[in-house]
Amino acid sequence: MSETALSDSEYLSRQSVFLGQLPEDSLVLMPTNPVVYRSNDTAFPFRANSYILYLCGWSDPGAVLMAHREGAEWVTTLFIQPRDTKAEIWEGRRVGVEGTVSGWPVDKAHSLEDIADSVTPHLDACTSVYCISGLNPVLDELISGSDGAELADPTPILDDMRVLKSNEEIRFMQESADIASASHIAAMRATFPGIGEWQIQSFIESHFTANKSRWSYPSIVGGGDNATILHYNSNDDEISDGELVLVDAGCEVSGYASDITRTWPVNGKFSDQQREIYELVLKAELAGIESCQVGSPWSSMHHATSRVLAQGLIDLGVLDCSLEDALGDDFNGPFRNYFMHGSGHMLGLDVHDVGGGRQGDDGPERKFEPGMVLTVEPGLYFGSWRTDIDIPDRYAGIGVRIEDNVLITADGPVVLTSSCPKTIDEIEALVGNNG
Ligand code: GLY
Ligand code: MN
Ligand code: MN
């Protein structure tokens, strides 16, 4: 890590909006994520906690952002891993205390080694301590051992702030969307009958790496029936001639995620049955995107995709009932047998970003506002392995999802992932076409 992703003024403005909403006798202690080991002494790649990234852009392990009051002012201190030649030889260079103060949007920096001594007097003096517990055992112990400082949750305030993306954030999200779109195109071009799911994964992820990015969630590459398993990611089957492959893969740029799904025939030609389902899902997706208008309630997008899917399932003879019955109470009718997940989610520093749906736990439903970014991702799944529901022979083994990333603007929805092809003609022209 050599610099912050966004401008100092953006971080300082976030800090000021956040801290301005806290009672004066509060203390903030914002830890990053712990390092998690996958095997003996080998750790999973580190990903900083999104809240500390949001507030100060610190992306290295081992950090706590503190904010305390001095008179009328809030003062921010970043506790970081100190310079240590021996550790740096093994783990990489550290910015150190001086580098943190000069390069990051904080007032002070201290070594993590000093955290107990530095934090305790502030804990003793405050009434509420705003901290995400469970991430840093040292902090958790200091807080539980303090006299009277009540633990408070900072995330509702921060989640509300994170819902609307700034122009700087949208630039990163567009970059992330562009890289992910190009990776899907590269994978479509490289596809052939008999290809391994892992090979498609490698085309996708090598494109991420080549563009100094990395995945924002484990890539899903499901051929045939595997496409009907929503979080399939073993990616270890070969995909036969005549099957579809569903690829749900996105990347991260400066912490900001993209999340794209495309579905294509490995032999480059949709069969009639695949075409019927694909066209229906595409129609639902376009209706979902069109519903993303300023002022509309969050649920209107799910309702728009659901109506199209339910009517289409009736028209295709999969459901034999009225539209009202297919949709059922609260949009939980029998069409949900074939469309089991939500129609979308907020997107940002987390792939399933904060702030979707309802405002706070019991608050009113959120309405679309300019600056929100969300996914629109209807799908239909006819797993031939399903014995609990009726799977028409005609569609057995077909799973289709189409997912785009959408920015809400006053002028209507803007599809950040529009450079990723999704019409049948575009896809058929691309698959297997290396020229
Ligand atoms: N990739 C996870 C999702 O689409 O929500
Ligand atoms: Mn996805
Ligand atoms: Mn998604």
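Residues numbered from 1 in each chain as written. Chains lettered and ligands numbered in written order. Predicted model: local features only at pLDDT ≥ 70, side-chain atom pairs only at ≥ 80, totals over all residues. Heavy atoms only, no water.

Student: Lay out helix α7 (residues 155-163) in plain terms, naming residues and giving numbers.
Tutor: Because each turn of an α-helix spans 3.6 residues, side chains separated by three or four positions end up pointing in the same direction. Burial of α7 is extensive: 7 of the 9 residues sit out of reach of the surface. Turning to α7, its buried residues number three or more, namely Thr-155, Ile-157, Leu-158, Asp-159, Met-161, Arg-162 and Val-163. (Buried < 20%, exposed > 50% of the residue type's maximum accessible area, 1.4 Å probe, protein only. Helix = DSSP H or I, 4+ residues; strand = E, 2+ residues; numbered from the N terminus.)

Student: How would you explain the site of ligand 1 if you had to name every residue and give the values?
Tutor: Neighbouring residues of ligand 1: Tyr-217, Asp-248, Asp-259, His-345, His-352, Glu-377 and Glu-403. Residue Glu-403 places a side-chain N or O atom 3.2 Å away from an oxygen atom belonging to ligand 1. Surface burial for ligand 1 is 88%, taken as the share of its 200 Å² of free accessible area covered by protein chains. Split into classes, the residues belonging to the shell around ligand 1 amount to 1 nonpolar, 2 polar and 4 charged. (Near = heavy atom within 4 Å. Polar contact = N/O pair within 3.5 Å; in protein donor to acceptor, adjacent residues only side chain to side chain. Areas by Shrake-Rupley, 256 points an atom, 1.4 Å probe, with all protein chains shown as cover. Nonpolar A, V, L, I, M, F, W, Y, C, P; charged D, E, K, R; others polar.)

Student: Which residues make up the nonpolar core, and what values do they have?
Tutor: The biggest cluster of nonpolar side chains holds 97 residues, and the ones touching the most others in it are Phe-18, Met-30, Ile-200, Trp-264, Tyr-338, Leu-380 and Phe-382. With residues near it in sequence (within four places) discarded, Ile-200 still touches Ala-187, Thr-191, Ile-195, Val-221, Ile-239, Val-245, Val-247 and Trp-264. If you look at the next biggest cluster of nonpolar residues, it comprises 15 residues, including Met-66, Val-119, Val-129 and Ile-143. (Core = buried A, V, L, I, M, F, W, Y, C linked by side-chain atoms within 4.5 Å. Contact = heavy atoms within 4.5 Å.)

Student: Break down the sheet that holds strand β8 (residues 150-152) for me, with residues and values.
Tutor: With mixed pairing, 6 strands are arranged side by side in an open sheet as β6-β5-β4-β1-β7-β8. Of all strands in the sheet, those bounded by a partner on one side alone are β6 (108-111) and β8. On average, each strand axis in the sheet is tilted by 25° relative to the strand beside it, whichever way the strands run. (Pairing = 2+ DSSP bridges. Axes fitted to C-alpha atoms, helices over the stretch in contact; angles between N-to-C directions.)

Student: Break down the coordination of the manganese ion (ligand 3) for me, citing the residues and quoting the values.
Tutor: Only Asp-259 (OD), His-345 (NE2), Glu-377 (OE) and Glu-403 (OE) from the protein reach the manganese ion (ligand 3) as donors, at distances of 2.0 to 2.2 Å. The site at the manganese ion (ligand 3) holds 6 donor atoms, and with the angles between them running 51 to 155°, its shape is irregular. Going along the chain, you hit the donors of the manganese ion (ligand 3) in the pattern D-x85-H-x31-E-x25-E. Taken as a pair, the manganese ion (ligand 3) and the manganese ion (ligand 2) lie 3.3 Å from each other and share Asp-259 as a ligand. One end of the pair, Asp-259, is in the loop between β13 (256-257) and β14 (260-265); the other, Glu-403, is in the loop between β17 (398-401) and β18 (404-409), with 144 residues separating them in the sequence. (Donors = N, O, S within 2.8 Å, 3.2 Å for Na, K, Ca; no water. Tetrahedral: all angles 85-135°; square planar, octahedral: opposite > 155°, others 65-115°.)

Student: How would you summarise the packing of aromatic side chains if you had to cite specific residues and measurements?
Tutor: Per the stated rule, a full pass over the model turns up 7 aromatic pairs. Aromatic side chains Phe-335 and Phe-339 sit 6.4 Å apart centroid to centroid with 45° between the ring planes, which places their arrangement in the tilted category. A residue is classified by how much of its surface remains accessible, and Phe-339, at 0% relative accessible area, is buried. Three or more aromatic residues joined by ring pairs make a cluster, and in this case those are Tyr-338, Phe-382 and Tyr-395. The positively charged end of Arg-162 is found above the aromatic ring belonging to Tyr-51, 4.8 Å away from the centroid. In this arrangement the basic side chain of Arg-336 is found over the ring face of Phe-339, its NZ or CZ atom lying 5.1 Å from the centre. (Phe/Tyr/Trp six-rings, centres within 6.5 Å; stacked < 30°, edge-to-face > 60°. Lys NZ or Arg CZ within 6 Å of the ring centre and 35° of its normal.)

Student: Account for a negative patch on the surface, naming residues and giving values.
Tutor: Taken together, the side chains of Asp-84, Glu-113, Asp-114 and Asp-117 present a region of like negative charge at the surface. Mapping Glu-113 onto the fold places it in the loop between β6 and α5 (115-125). (Patch = residues over 30% accessible without salt bridge, like charges linked within 9 Å, V, L, I, M, F, W, Y side chains within 5 Å. Salt bridge = Lys/Arg side-chain N within 4 Å of Asp/Glu carboxyl O. Lys, Arg positive; Asp, Glu negative; His and termini not counted. Charge placed at Lys NZ, Arg CZ, Asp CG, Glu CD.)

Student: Before we move on, could you go through the packing of α5 against helix α6 (residues 137-144) and cite the residues and values that matter?
Tutor: Across the interface, α5 lies against α6 with an axial gap of 10 Å and an inter-helix angle of 35°. When you trace α5 past α6, the crossing you get is right-handed. Listed contacts from α6 to Ile-115, Ala-116, Val-119, Thr-120 and Leu-123 of α5 are Val-138, Leu-139, Leu-142 and Ile-143. Taken together, the residues that form the contact of α5 with α6 break down as 8 nonpolar, 1 polar and no charged. (Left-handed = near helix turned anticlockwise from the far one by under 90°.)

Student: How would you summarise the sheet that holds strand β9 (residues 214-215) if you had to cite specific residues and measurements?
Tutor: Ordered in space as β9-β12-β13, the 3 strands form an open sheet in which the pairing is antiparallel. Two strands in the sheet have a free side with no partner beyond their single neighbour: β9 and β13. As paired elements, strand β12 (residues 251-253) and β13 share 2 bridges and run antiparallel to each other. Across the sheet, residue Glu-252 finds its bridge partner in β13, namely Ala-257.

Student: Account for the packing of helix α8 (residues 167-190) against helix α9 (residues 197-210), naming residues and giving values.
Tutor: Where α8 contacts α9, the two axes come as close as 8 Å, and the packing angle between them is 145°. Crossing of α8 over α9 shows right-handed handedness. Where α8 approaches α9, its residues Ile-179, Ala-180, Ala-182, Ser-183, His-184, Ala-187 and Ala-190 are matched on the opposing element by Ile-200, Phe-203, Ile-204, His-207 and Phe-208. By residue class, the composition of the contact of α8 with α9 is 9 nonpolar, 3 polar and no charged.

Student: Tell me what's going on with the coordination of the manganese ion (ligand 2), and back it up with residues and numbers.
Tutor: Taken together, the protein donors to the manganese ion (ligand 2) comprise Asp-248 (OD), Asp-248 (OD), Asp-259 (OD) and Glu-403 (OE), at separations of 2.0 to 2.4 Å. Angles of 57 to 168° at the metal separate the 6 donor atoms of the manganese ion (ligand 2), which places the site in the irregular class. Taken in sequence order, the residues that donate to the manganese ion (ligand 2) follow the motif D-x10-D-x143-E. With a relative accessible area of 6%, Asp-248 lands in the buried category.

Student: Just give me the short version of the pairing of strand β1 (residues 26-31), but keep the residues and values in it.
Tutor: Of all 6 residues in β1, 6 are buried, a share of seventy percent or more. Judged from the 4 bridges that link them, β1 and strand β4 (residues 63-70) form a sheet pairing that is antiparallel. Counterpart to Met-30 in the pairing with β4 is Leu-65.

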